[in-house]
Amino acid sequence: MESSASVLCKSSVSVQCIRKANMKKSLLFPDFTVTRDPDKCIQCEVCVRQCAFDAHSFDKEANKIETDNSKCVSCLRCATMCPTGAITVSEHQQNIKKNKNWTEKQLKELYKQSETGGILLTGMGTDKDYKIIWDHILLDAAQVTNPSIDPLREPMELRTYLGAKPDRIEFRVQSSEFRGQNKKLRTTNYELQTKLPPQLKLETPILFSAMSYGAISLNTMRALARAADECGIFYNTGEGGLPKELYKYGKNTIVQVASGRFGVDSDYLDVAAAVEIKVGQGAKPGIGGHLPGEKVTEEISQTRMIPTGTDALSPAPHHDIYSIEDLSQLIYSIKEATGYKKPLSVKVAAVHNIAAIASGIVRAGADIVAIDGLRGGTGAAPTRIRDNVGIPIELAISAVDSRLREEGIRNRASIIAAGGFRNSADVVKAIALGADAVYIGTAALVAMGCHLCQKCYTGKCNWGIATQDPYLVKRLNPEIAARRLVNLIKAWSHEIKEIMGGMGINAVESLRGNRLRLRGFDLHENELKILDIKPAGESM
Amino acid sequence: MGCSIAGIIDEKGNRFSGEKIICAIKKMYLRANGLGGGFAGYGIYPENSDDFCFHIIYNDEKSRENTESYLKHDFEIVKEEPIPTRTVKAIVNRPLLFRYFLRVKDEIKKQFYEMTEEDIVMRSVMKINGAQAGAFVISSGKNMGIFKGVGYAADIGKFYKLEEYSGYCWIAHDRFPTNTPGWWGGAHPFGLLNFSIVHNGEISSYGINKRYLEEFGYRLTLHTDSEAILYLFDLLLRKHKLPMSLAHKVLCPPLWSEIEKMPEDERKFYETLRIIYGSALINGPSAIIVSDGKMMFGFTDRLKLRPLVAARNGSKFYLASEECAIQEICPLKKGDVFFPKVGEPAIGKLRNTEQTRNKGTRNGHGKFRFSSV
């Protein structure tokens, strides 16, 4: 999840916009109800200070705290911080007539748009009730004929290398004989001829997904960088450039080159471990980004290399990539600029023709293809795009891995899957379907405190994550956030080892693409066919 | 699966009757359940040692006719005959069993000028076995043959009259199938060209091994995971020109933590090897004997979850799941028997060929050094 915070206020909808729109009376009613237990509330005003949306206020005349339900986004910051646990946030109960077609959500969106004339905006990945294929895939375990392995007793290897691999190893053999004490000894010398293309070495097959400075705060970025360094993995700058103070984490950094080219210069490319060309993201395939000028502070202006206060526009396409051969030129321009010393990744959204697109990207020279699925997150996206464009990552991984193998080019690039990975089982399933590693964005943000209120685009993140407001930014302690991220990666790695051990597998390369250890449950025949897995109950 | 495996090679190339290997495998009958047994013998067809010998099992006459007309298209058939068998009460439902001594036709070599003779043979084997036409080529090497079927190995050996053959290397397998059905084509050994393997174990990485091999044109049609190991050896040894010792390091690579402790050049070599061939790693419990006619190579998985013992006595080198099998056919002295360590293969080699003169340490390891450019 990444990129620019919000689309222009003029063309978008927010509560603020509605208020500005000079309508007599809004037809909207609140999403949430905030209840305050008067017996517990000590009038300390923590909630007032914590809410950047101004849902709570202190009424001096009445000498009590008031709450405006219509402003509540259910980020639960006040409920969490309240020292006496006096606050509860619940869904607003309004007796709108039940209708499966015209739901409350649909009605509210219509009210909003009719009051403002704007595009609906949102943040994070889609919350729509699509079938989650991960939950219909079951994992295998060893029984009797094949002993399961206890990861606490036996080695269990998760190390993963991302980058292009040659078809085969090349070496020269030289044999020499020499006389030992009383017999001839023969020594064979293998001289390695293969020069391995540049690789990213991961201690566990998980990376932090692209989230840009601008969309997220500097403290959030600091936490991601520190955690990546400690875990032996990578974080991704997104398209907002790289603050100078984070250059020291360069060996754990993937820098992005996106359509806006923000913050791209030779230092930026040089300091990184890998470069990623961002073509698209799962939350908004085919859509550009827009960071409003008011968010372009002095620091962001420095990092993005644009004047303070100007809008940061990411065009929908790269205007130097109108075709696959253009992509190839950009790939090789960057490779030339970085001396062929870093893997080059291309990130695309999982769209209908993803297998052919991925094949083209590999043939164009990418070392890594990052694919972001339907559920990919974002700092800001038009709701209609987020909720309706793209395909689920499960199907995309399978289609791409199968296609690259059919063409005999699977070894020429690694696959990173992204888009809504919730837990270690999702990761294991993705790898078994054919991914080399996964990007996690939302899960990492939740680990740091995000409560998925989906208001990232407002810049008012009460958790100090998706905001540039200095008052809010300092709420996120990068030390603590980094510790929480490290714990998350450790916990997932332990779980992956446990699952692999159960399968009788002790190296992640034996899990990768091993679809025979997956079974589909309650999946349509066509889904099974595309996933290339057998239905549950069918044996080898 | 369960299973027992055994192998004997005479390093001087002296040939001996198949009776010995039958005795050895018979001793371990408790490890099998009668759903598959088989043997591979090397040096058994000296009169036709330059021709590819196909052993084929047919479901019926029709499949034989179809397959033979296909063979005639690509090969000159030097000799064809039923594989001699005798009546053994325990062996029932036998398929048709034929062998053919073949030479690749010149015009076919011209047509597929980018392929070696071996590639052409492999293509034919894959085509026949993948056609689902009731015909399976169970061996396709030179001066070697595979004899297998459903039954205890000892009965299968008797059925094929193996005591009448003599060879310098024999490997055998007695099966206790669990994952896959007991059928004639699914018994071990599995063979392609001169390679044959027997395997006691289950491959938990089979799904990816199979998909990796398919990228190189192999078709895995025998409903058993063990087949994958055979093709991996063919790929690594014949196509990628790795020596056996390095192919072994592909299938059972050292741990990353071990690789990190190696001297610079060696570390780089093993790192590169493992990064390139990750999909060829054989995971899961395994004891494997593989032969290419020049050597007999035994190894276990990275955790040694299946047994393997080795012994050297005179010019003979033995491998078996259990020591009793070797004791049965060879009076062993103390010190003859040894147990290959995790990650260390046990190797017996023909001494008269150029590449295999290297004897090295007791278990056949030569000394390696690594360098890089």
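Residues numbered from 1 in each chain as written. Chains lettered and ligands numbered in written order. Predicted model: local features only at pLDDT ≥ 70, side-chain atom pairs only at ≥ 80, totals over all residues. Heavy atoms only, no water.

## Remarks on the overall build of chain A
- What chain A contains, in helices and strands, is 16 helices and 24 strands.
- The C-alpha radius of gyration computed for chain A amounts to 26 Å, which stays within 12% of the reference 24 Å derived for 540 residues, consistent with globular compactness.
- A principal-axis box enclosing the C-alpha atoms of chain A has dimensions of 105 × 55 × 45 Å.
- Scored against the burial criterion, the 540 residues of chain A give a buried share of 57%. (Helix = DSSP H or I, 4+ residues; strand = E, 2+ residues; numbered from the N terminus. Rg over C-alpha atoms; globule rule 2.2 N^0.38 Å. Buried < 20%, exposed > 50% of the residue type's maximum accessible area, 1.4 Å probe, protein only.)

## Concerning the interface of chain B and chain A
- In this assembly, 52 residues from chain B lie in contact with 50 residues from chain A.
- In this structure, the connection of chain B to chain A is made through 21 residue pairs in polar contact (both at pLDDT 80 or more).
- At the level of elements, α6 (206–214), α8 (244–251), α9 (256–260), α10 (264–276) and β19 (367–372) of chain B are the ones that each hand at least two residues to the side of chain B that touches chain A.
- Element by element, the count of residues in the side of chain B that touches chain A is highest for α10(B), at eight residues.
- Its residues assigned to classes, the side of chain B that touches chain A shows 22 nonpolar, 15 polar and 15 charged. (Contact = heavy atoms within 4.5 Å. Polar contact = N/O pair within 3.5 Å; in protein donor to acceptor, adjacent residues only side chain to side chain. Nonpolar A, V, L, I, M, F, W, Y, C, P; charged D, E, K, R; others polar.)

## Points about the sheet that holds strand β15 (residues 309–313) of chain B
All names here are of chain B.
- The strand order β8-β3-β10-β1-β16-β15-β17 describes an open sheet built from seven strands, whose pairing is antiparallel. Since the sheet does not close on itself, it has two edges, and those belong to β8 (144–149) and β17 (337–338), each with one partner.
- Where β15 and β17 come together, two bridges link them in antiparallel fashion. Across the sheet, Ala311 pairs through a bridge with Val337, a residue of β17.
- Sheet strands in contact with helix α1 (residues 19–27) are β1 (4–10), β3 (37–42) and β10 (169–174), and its direction is about 150° off that of β1. (Pairing = 2+ DSSP bridges. Axes fitted to C-alpha atoms, helices over the stretch in contact; angles between N-to-C directions.)

## Quick word on the pairing of strand β12 (residues 195–201) of chain B
Residue and element names in this part refer to chain B.
- Across the seven residues of β12, seven count as buried, placing the element largely inside the fold.
- Summarising the sheet, strand β11 (residues 190–192) and β12 pair through three bridges and their orientation is antiparallel. Residue pairing across strands places Leu192 opposite Phe195, the latter belonging to β12.
- Linking β11 back to β12 in an antiparallel pair, the connection comprises two residues, with Leu193 at a positive phi of about 50°.
- Note that β12 and strand β13 (residues 286–291) share six bridges and pair antiparallel. Counterpart to Val198 in the pairing with β13 is Ile289.

## Thoughts on the sheet that holds strand β23 (residues 518–520) of chain A
All names here are of chain A.
- Pairing in this open sheet of three strands is mixed, and the strands run β7-β23-β24 from one edge to the other. Each end of this open sheet is capped by a strand with a single partner; those strands are β7 (137–139) and β24 (534–535).
- Two elements, β7 and β23, share three bridges in a ladder whose sense is antiparallel. Bridging across to β23, Leu138 finds its partner in Arg519.

## Section: the confidence of the model for chain B
- For chain B, per-residue confidence averages 91 on the pLDDT scale, and 94% of positions sit at 70 or higher.
- Confidence drops under a pLDDT of 50 for residues 354–365 of chain B, and excluding neighbours within four residues, the segment shows 31 contacts in the predicted structure. (pLDDT = per-residue confidence, 0-100.)

## A few points about the pattern of salt bridges
- Per the stated rule, a full pass over the model turns up 58 salt bridges over all chains.
- A salt bridge links Arg261(A) to Asp320(A), with the shortest nitrogen-to-oxygen separation between them at 3.0 Å. Highlighted residues: Arg261(A) in the loop between β14 (253–257) and α6 (266–271) and Asp320(A) in the loop between β17 (312–314) and α8 (324–337), separated in sequence by 59 residues.
- With a shortest N-O distance of 2.6 Å, Arg403(A) and Glu407(A) are connected by a salt bridge.
- Note on Arg403(A): relative accessible area 29%, which makes it partly exposed.
- One salt-bridge network, in which partners are shared between bridges, spans Asp401(A), Arg405(A), Arg410(A), Asp436(A), Arg512(A), Arg515(A), Asp532(A), Arg211(B) and Glu215(B). (Salt bridge = Lys/Arg side-chain N within 4 Å of Asp/Glu carboxyl O.)

## A few points about unusual backbone geometry
Residues and elements named next belong to chain B.
- The amide bond that connects His188 to the next residue, Pro189, takes the cis arrangement and shows omega of -5°.
- By secondary structure assignment, the location of Pro189 is in the loop between β10 and β11.
- With a phi close to 55°, Lys304 is a non-glycine residue in the positive phi region.
- Relative to the elements of secondary structure, Lys304 occurs in the loop between β14 (295–300) and β15.
- A relative accessible area of 26% means that Lys304 is categorised as partly exposed.

## A few points about the confidence of the model for chain A
- Summarising the model, chain A shows a mean pLDDT of 93, and 95% of its residues fall at 70 or more.
- Counting contacts from residues 1–11 of chain A, a segment whose pLDDT is below 50, to residues more than four positions away or on other chains yields 58 contacts.

## A closer look at the domain arrangement of chain A
Residue and element names in this part refer to chain A.
- The domains assigned to chain A are domain 1 (9–121) and domain 2 (200–535).
- Between the C-alpha centres of domain 1 and domain 2 there is a distance of 32 Å.
- Taken residue by residue, the interface counts 18 residues in domain 1 and 16 residues in domain 2.
- Summed over both partners, the interface of domain 1 with domain 2 buries about 1,700 Å², with 55% contributed by carbon and sulfur atoms.
- For the pair domain 1 and domain 2, the interface holds eight residue pairs in polar contact (both at pLDDT 80 or more).
- Only α2 (46–50), α3 (77–81), α4 (104–116) and β6 (119–122) provide two or more residues apiece to the side of domain 1 that touches domain 2.
- When residues in the side of domain 1 that touches domain 2 are grouped by element, the largest group, three residues, is from β6.
- When grouped by side-chain class, the residues that make up the side of domain 1 that touches domain 2 number 10 nonpolar, four polar and four charged. (Domains from an automatic or database assignment. Buried area = accessible area lost by both parts, 1.4 Å probe.)

## Thoughts on the side chain of Thr126(A)
- You can see Thr126(A) is positioned in the loop between β6 and β7.
- Engagement of the side chain of Thr126(A) in a polar contact is seen with the backbone nitrogen of Lys128(A), the distance being 3.2 Å.

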